Amino acid sequence: MSEVSDEDFAEILSQTRRFVRSSVVPREAEILADDRVPDDLREQAKAMGLFGYAIPQQWGGLGLDLRQDVELAIELGYTSLAVRSMFGTNNGIAGQVLVGFGTEEQKSRWLAPIASGEVVASFALTEPGAGSNPAGLLTQALRDGSDWLITGQKRFITNAPTAELFIVFARTRPADDQGAGIAVFLVPADASGVVVSPKDAKMGQEGAWTADVGFTDVRVPDAALVGGSEDLGYRAALTSLARGRVHIAALAVGAAQRALDESVAYAATATQGSTPIGNFQLVQAMLADQQTGVLAGRAMVRDAARMWVADEDRRIAPSAAKLFCTEMAGKVADLAVQIHGGSGYMRGVPVERIYRDVRLLRLYEGTSEIQRLIIGSGLVKAAQRKA
Ligand SMILES: Cc1cc2nc3c(=O)[nH]c(=O)nc-3n(C[C@H](O)[C@H](O)[C@H](O)COP(=O)(O)OP(=O)(O)OC[C@H]3O[C@@H](n4cnc5c(N)ncnc54)[C@H](O)[C@@H]3O)c2cc1C
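Here's what I pulled together on the structure shown here. (Residues numbered from 1 in each chain as written. Predicted model: local features only at pLDDT ≥ 70, side-chain atom pairs only at ≥ 80, totals over all residues. Heavy atoms only, no water.)

## Notes on the overall build of the chain
Regarding its fold elements, the chain presents twelve helices and nine strands. Here the C-alpha radius of gyration of the chain, 21 Å, is about what a compact globule of 387 residues would show, namely 21 Å. Once the C-alpha set of the chain is aligned to its principal axes, its extents read approximately 80 × 55 × 45 Å. Counting only residues that meet the buried cut, the chain has 55% of its 387 residues in that class. Of the roughly 16,700 Å² that the chain leaves accessible, carbon and sulfur atoms contribute 54%. Within the chain, the 46 negative side-chain charges are centred at a point lying 5 Å from the centre of the 39 positive side-chain charges. (Helix = DSSP H or I, 4+ residues; strand = E, 2+ residues; numbered from the N terminus. Rg over C-alpha atoms; globule rule 2.2 N^0.38 Å. Buried < 20%, exposed > 50% of the residue type's maximum accessible area, 1.4 Å probe, protein only. Areas by Shrake-Rupley, 256 points an atom, 1.4 Å probe, with all protein chains shown as cover. Lys, Arg positive; Asp, Glu negative; His and termini not counted. Charge placed at Lys NZ, Arg CZ, Asp CG, Glu CD.)

As structure tokens, this is what we get:
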């Protein structure tokens, strides 16, 4: 059962839709040109509770469950994905580690400022050589009395340039029969030895920032060890990522819907030899493929979210939804550029931005290849357990 009634959720959803369509869509060109989400939009998002929509109400969040989260994500996917990214780590990969695995003390220290947006939390798992295979990470946490000393290098960390808190995955011992040897720590960004590099220059999603983060003998107390256990890190990462995959799938559906809407509007009005291009059946066929993809993706993501909330499937369905929806969004965006002809290749035309923005969705929180591996191996293992 969600903490939020259908009636209250309908209001949250319509406010979010209004925010996206009336406040953000008209500012897309500005976000792109400045590579920055304007401060007034950030403040509006804070005031609406968007930095903590998936954080339980007990800690000051809106308390949406994943079924509601995906509806919100479909709305947020409709515009520059940087806006969602600004509060994506607080609600998602970073925040959910604390919600699911933090001690009561850790939750009461951090979740309220995360939910209000006073604190931006980043999820620091990926390293050079440990992206698709996080079990290969090399960042080390060594015991030093009652403290830990953390040393290692993380890369592509979303929101690192604005983060106050890093959720850092580090190895406390080599992998063994007992587990992966990976723990997770809460590291304030101002701790001595934390260095955030200049932000990365990316292909798309202008306004969403990532950076390398270095840790050199960063001292944190035992109270910074999430869940108070050295053995939680790997499971916390995989659980948070699996949940995040359903959210990313929903975001892809929203972006695909926008690409479709832009395509239909263009096809209905742009002409060749005074005939609207939408009258050409080959253009109609492209619109039909886009529409079909959007409808299929939306149905799938809703089903995956339902199965997550019911605890029916928290492994295969999230990966299948992410795989299908992000690949679908890539195809829909590609068709959108095609329908726009040369205009679709020009900066400032929404489908050109969408084409670049959605490319990332197939890479992070597990590439499409990794989703296929999770789905395929999950099916085979389940059959082997039964045999
Ligand atoms: C903009 C952006 C934001 C990000 N934000 C974060 C963040 O906030 N926190 C964080 O921790 N990480 C973040 N990441 C990292 C992201 O999750 C990884 O980049 C991603 O998981 C892929 O890892 P990799 O880059 O090391 O590529 P690799 O793992 O080296 O993959 C390269 C290619 O090899 C394939 N491949 C790898 N292993 C296998 C295999 N076993 N079988 C078949 N094919 C395989 C991959 O599918 C891919 O095609 C972000 C990345 C980007 C680009």
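Read on for the rest.
## Quick notes on unusual backbone geometry
With a phi angle near 50°, Asp35 is a residue other than glycine that sits in the positive phi range. Structurally, Asp35 is set in the loop between helix H2 (28-34) and helix H3 (39-47). Residue class for Asp35 comes out partly exposed when judged on its relative accessible area of 22%. A positive phi angle, near 50°, is found at Gln205, a position not held by glycine. Residue position: Gln205 is located in the loop between strand E6 (194-196) and strand E7 (210-221).

## Regarding the packing of helix H1 (residues 6-24) against H3
Relative to each other, H1 and H3 sit at 170°, their axes nearing to 12 Å. Comparing the axis directions of H1 and H3 gives the class roughly antiparallel. Contacts between H1 and H3 pair Phe19, Ser23 and Val24 from the former with Leu41, Gln44 and Ala45 from the latter. (Axes fitted to C-alpha atoms, helices over the stretch in contact; angles between N-to-C directions. Parallel < 35°, antiparallel > 145°, perpendicular 65-115°, else oblique. Contact = heavy atoms within 4.5 Å.)

## Quick notes on the site of the ligand
The immediate surroundings of the ligand are formed by 18 residues, with Phe123, Thr126, Ser132, Thr367 and Glu369 found nearest. Note that a nitrogen atom of the ligand is positioned 2.7 Å from one of the side-chain N or O atoms of Thr158. Within the side chain of Glu369, a nitrogen or oxygen atom sits 2.7 Å from an oxygen atom of the ligand. Compared with its free state, where it exposes 970 Å², the ligand has 65% of that area covered by protein. Elements represented by at least two residues in the shell around the ligand include exactly strand E3 (147-158) and helix H12 (368-386). Grouping the amino acids of the shell around the ligand by side-chain chemistry returns nine nonpolar, six polar and three charged. Counting residues domain by domain, the shell around the ligand receives three or more from each of domain 2 (121-230) and domain 3 (234-386). (Near = heavy atom within 4 Å. Polar contact = N/O pair within 3.5 Å; in protein donor to acceptor, adjacent residues only side chain to side chain. Nonpolar A, V, L, I, M, F, W, Y, C, P; charged D, E, K, R; others polar. Domains from an automatic or database assignment.)

Function cannot be inferred from these measures alone, as they are strictly geometric.
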